Every structure is written in structure tokens, then in C-alpha cells.
Amino acid sequence: MENIRRHIVFSGRVQGVGFRYRASYAARSLSITGWVRNNDDGTVEMEAQGSETQLNRMLSMLNKDSYIRIEKTVMTELPVEENERGFRVTGY
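Within each chain, residues carry numbers counting from 1 in the order of the written sequence. The predicted nature of this model means local features are confined to residues of pLDDT at least 70 and side-chain atom pairs, given and counted, to a pLDDT of 80 or more, with totals for whole chains, interfaces and linings taken over all residues. With hydrogens and water stripped out, all remaining heavy atoms of the structure feed into the side-chain values.

**Q** Before we move on, could you go through the overall build of the protein and cite the residues and values that matter?
**A** In this description a helix means any DSSP run of H or I spanning at least four residues, a strand means any run of E spanning at least two, and both kinds are numbered starting from the N terminus. Each helix and strand counted, the protein has two helices and five strands in total. Tracing the protein from N to C terminus, the helices and strands come up as β-α-β-β-α-β-β. To get the radius of gyration, use the C-alpha atoms; to get the globule rule, take the number of residues to the power 0.38 and multiply by 2.2 Å. At 12 Å, the protein has a C-alpha radius of gyration in line with the 12 Å of a compact globule built from 92 residues. Across its three principal directions, the C-alpha atoms of the protein cover 30 × 25 × 20 Å. Split into buried and exposed, the 92 residues of the protein put 43% on the buried side. Contacts are residue-level and defined by heavy atoms, with any inter-residue pair within 4.5 Å sufficient. Within the protein, contacts between residues separated by at least 24 positions form 81% of all contacts whose residues are at least 6 apart in sequence. Surface accessibility in these figures is a Shrake-Rupley result with a 1.4 Å probe; residues are shielded only by whichever protein chains are displayed. If you sum the accessible surface of the protein, you get close to 5,300 Å²; carbon and sulfur atoms cover 47% of it. In this count, Lys and Arg are taken as positive residues and Asp and Glu as negative ones, while His and the chain termini are left out. Just so you know, the charge point we use is NZ for Lys, CZ for Arg, CG for Asp and CD for Glu. Looking at the protein, you have 13 positive and 12 negative side-chain charges, and the mean spots of the two groups are 7 Å apart. Partly exposed residues are those whose accessible area sits between 20% and 50% of the maximum for their type, while under 20% is buried and over 50% is exposed, using a 1.4 Å probe and protein chains only.

Next up, the structure:
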């Protein structure tokens, strides 16, 4: 499976509901690398790298959480970071 990398911005009820830690758990369980952080405008920003299947599974897991409500997702493709290891929560 070929890796891809996406920059994703989530809008909705995504701050104050454990989104970053749920995203980190999902990413690590699926061997996805990258990072996630809160933005000052109330959105959550993420860069995630893995296969198309892995990334889709992670998004599905986030959408099934009872506290999180994703209203809008904006995704853009990024170059793969070959030496990246792990998934981290950054920001406040």
C-alpha cells in the first residue's frame, strides 16, 4: 500500500470534546503518522500520513464518536514525509 499525506481541517464540535486525543488514539492504532492541534478559530488541524484505507478508517472512527460532531472537513494532499515516525498532539 502506497502512503499518502493529507492536511485536514475539521470544523464543528471539535474542541473541548477530546478530539485530539481520540484522533491520536485512532492514528496510532492504525499506524498513521503525523500530528493534530487546535486552532484559535475553533477548528482542529491535522496532518496524517498512511494508506488511503488507513486514513479513511481513522476518519470513520472520528465520525462515530458520540461527543465529536464534524460539520466540515477540508483536505489537501501533501508530499509524503519519508522519515516521519509516530503521531503527536501539539498546540494547546
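**Q** How would you sum up the pattern of salt bridges? Please name residues and give values.
**A** A side-chain nitrogen of Lys or Arg and a carboxyl oxygen of Asp or Glu constitute a salt bridge if their distance falls within 4 Å. Applying the stated criterion across every chain yields a total of eight salt bridges. For Glu 81, the salt bridge goes to Arg 5, with nearest N and O atoms at 3.8 Å. You can see Glu 81 sitting in the loop between β4 (69-78) and β5 (87-90) and its partner Arg 5 sitting in strand β1 (residues 4-13), a full 76 residues away along the chain. Given a relative accessible area of 39%, Glu 81 falls into the partly exposed group. The partner of Arg 22 in a salt bridge is Asp 65, with the nearest N and O atoms 3.6 Å apart.

Note that every value here comes from positions in space, so none of it alone points to a role or purpose.
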